[in-house]
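Spelled out, the chains give:
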Amino acid sequence: YNADLLRQGKVPMVDSVEMKAPGSFFITWAAWSIWGRSLNVLECLGVAWSILAALGIFFTARALFGPKHAFVAGLLYVVYSPISDDMTVNYNAWMVCAYIWSAFFVVMALKRGKLGYFVLCGVTLTIAGLCKRQGAVLFPLYALLIWVAPRLGTPNDWARYNRRYAMLGFFVGLASGF
């Protein structure tokens, strides 16, 4: 397993043949470095990752629809997410949590217009791509959304922002995620 290679001071994809994205290796390595190498640690990490994803769902739904709907959305994620109730800590599970948080940050970026949210959107999207290569598929959609959203009809309480600075923040976030 590539997290074991990291524990031995080796580098996945250099000291081994691996076709999968390396993000989950580093997440697992970090957990094992703190709590020790065991399947139980990995299972607990999976549950914690699922809770983190559910919180992302909650905060995204709250930003869009209010607290009542946010609670329902977070609860439905916990109940129906396969990672919540069994040992399904796979590449999809690692990617989905970062995807969810990238959605939260893009919503907050569009809603508040703060540069930091655009950067965090890029960072979390990069983490999703590092966990599973398909995670990069949202990159062009987010870039397009950030660029055209000011020209679309947005709710009155959503902030106006400079598209160039927003794109710069998004790309800085993407780059810093590496």
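Predicted, not measured: the structure shown is a model, and the values here were computed from it. (Residues numbered from 1 in each chain as written. Predicted model: local features only at pLDDT ≥ 70, side-chain atom pairs only at ≥ 80, totals over all residues. Heavy atoms only, no water.)

(A) Examining the overall build of the chain more closely. The helix and strand inventory of the chain stands at 8 helices and 0 strands. Over its C-alpha trace the chain gives a radius of gyration of 18 Å, about what one expects of a compact globule, namely 16 Å for 178 residues. Seen through its C-alpha atoms, the chain measures out along the principal axes to roughly 55 × 35 × 25 Å. Burial analysis of the chain (178 residues in total) assigns 43% to the buried set. The contacts of the chain with a sequence gap of at least 6 include a subset with a gap of at least 24, amounting to 62%. When the accessible surface of the chain is totalled, it reaches about 10,000 Å², and 67% of it is carbon and sulfur. Treating the 15 positive side-chain charges of the chain as one cloud and the 7 negative ones as another, the clouds have centres 18 Å apart. (Helix = DSSP H or I, 4+ residues; strand = E, 2+ residues; numbered from the N terminus. Rg over C-alpha atoms; globule rule 2.2 N^0.38 Å. Buried < 20%, exposed > 50% of the residue type's maximum accessible area, 1.4 Å probe, protein only. Contact = heavy atoms within 4.5 Å. Areas by Shrake-Rupley, 256 points an atom, 1.4 Å probe, with all protein chains shown as cover. Lys, Arg positive; Asp, Glu negative; His and termini not counted. Charge placed at Lys NZ, Arg CZ, Asp CG, Glu CD.)

(B) Layout of the environment of V47. With respect to the helices, strands and loops of the structure, V47 is situated in helix α3 (residues 39-65). Taking the C-alpha atoms as reference points, V47 and V78, 31 residues apart in sequence, are found 9.8 Å from one another.

(C) Main features of the side chain of S102. Along the chain, the position of S102 falls in helix α5 (residues 91-112). Judged by its relative accessible area of 0%, S102 falls in the buried class. When sequence neighbours within four positions are dropped, the list of residues in contact with S102 reads C121, T124, L125 and Y142.

(D) How the structure looks around the packing of aromatic side chains. Per the stated rule, a full pass over the model turns up 12 aromatic pairs. Judged by centre distance (5.3 Å) and plane angle (75°), the rings of F58 and F59 are edge-to-face. Overall, F59 belongs to the partly exposed group, its relative accessible area being 26%. Ring centres of W101 and F104 lie 5.4 Å apart, and the angle between their planes is 80°; this geometry places the pair in the edge-to-face category. Placement of both W101 and F104 in helix α5 is noted, with a separation of 3 residues, approximately one turn of the helix. (Phe/Tyr/Trp six-rings, centres within 6.5 Å; stacked < 30°, edge-to-face > 60°.)

(E) Spotlight on helix α4 (residues 67-80). In a regular helix each residue adds 1.5 Å, so 14 residues correspond to 20 Å; α4 covers 20 Å between its end C-alpha atoms and thus fits that length. Where α4 is concerned, the buried positions are A70, G74 and Y77. The buried residues of α4 all sit within an arc of 60° when viewed along its axis, so they share a single face. Facing away from the buried side of α4 by more than 90 degrees, the exposed set consists of K68, F71, V79 and Y80. (Expected span 1.5 Å × (residues − 1). Arc of directions from axis to C-beta.)

(F) Structural context of the packing of helix α2 (residues 23-35) against α3. Running from N to C, α2 and α3 cross one another at 120°; their axes reach a closest spacing of 10 Å. Classed by the angle they form, the pair α2 and α3 counts as oblique. Crossing hand, α2 versus α3: right-handed. Every residue of α3 that contacts α2 at I27, T28, A31, W32 and W35 is listed here: V41, L42, L45 and W49. Considered class by class, the residues forming the contact of α2 with α3 number 8 nonpolar, 1 polar and no charged. (Axes fitted to C-alpha atoms, helices over the stretch in contact; angles between N-to-C directions. Parallel < 35°, antiparallel > 145°, perpendicular 65-115°, else oblique. Left-handed = near helix turned anticlockwise from the far one by under 90°. Nonpolar A, V, L, I, M, F, W, Y, C, P; charged D, E, K, R; others polar.)

(G) Representation of a nonpolar patch on the surface within the structure. Residues F71, V72, L75, L76, V79 and Y80 make up a contiguous nonpolar surface patch of about 640 Å² in total accessible area. Relative to the helices and strands, V72 resides in helix α4. Overall, the relative accessible area of 43% leaves V72 in the partly exposed class. (Patch = residues over 30% accessible without salt bridge, like charges linked within 9 Å, V, L, I, M, F, W, Y side chains within 5 Å. Salt bridge = Lys/Arg side-chain N within 4 Å of Asp/Glu carboxyl O.)

(H) Inspection of empty space enclosed by the protein at higher detail. For the structure on display, the rule yields 1 cavity of 30 Å³ or more. Volume-wise, the largest cavity comes out at about 50 Å³. Lining the largest cavity we find L110, A149, P150, T154, W158, A159, R160 and Y161. Tallied by class, residues from the lining of the largest cavity come to 6 nonpolar, 1 polar and 1 charged. (1 Å grid on protein atoms, 1.4 Å probe; cavity = no way out; pocket = protein on both sides within 12 Å on 5 of 7 lines; lining within 4 Å. Points joined across faces, edges and corners; volume = space filled by probe spheres on them.)

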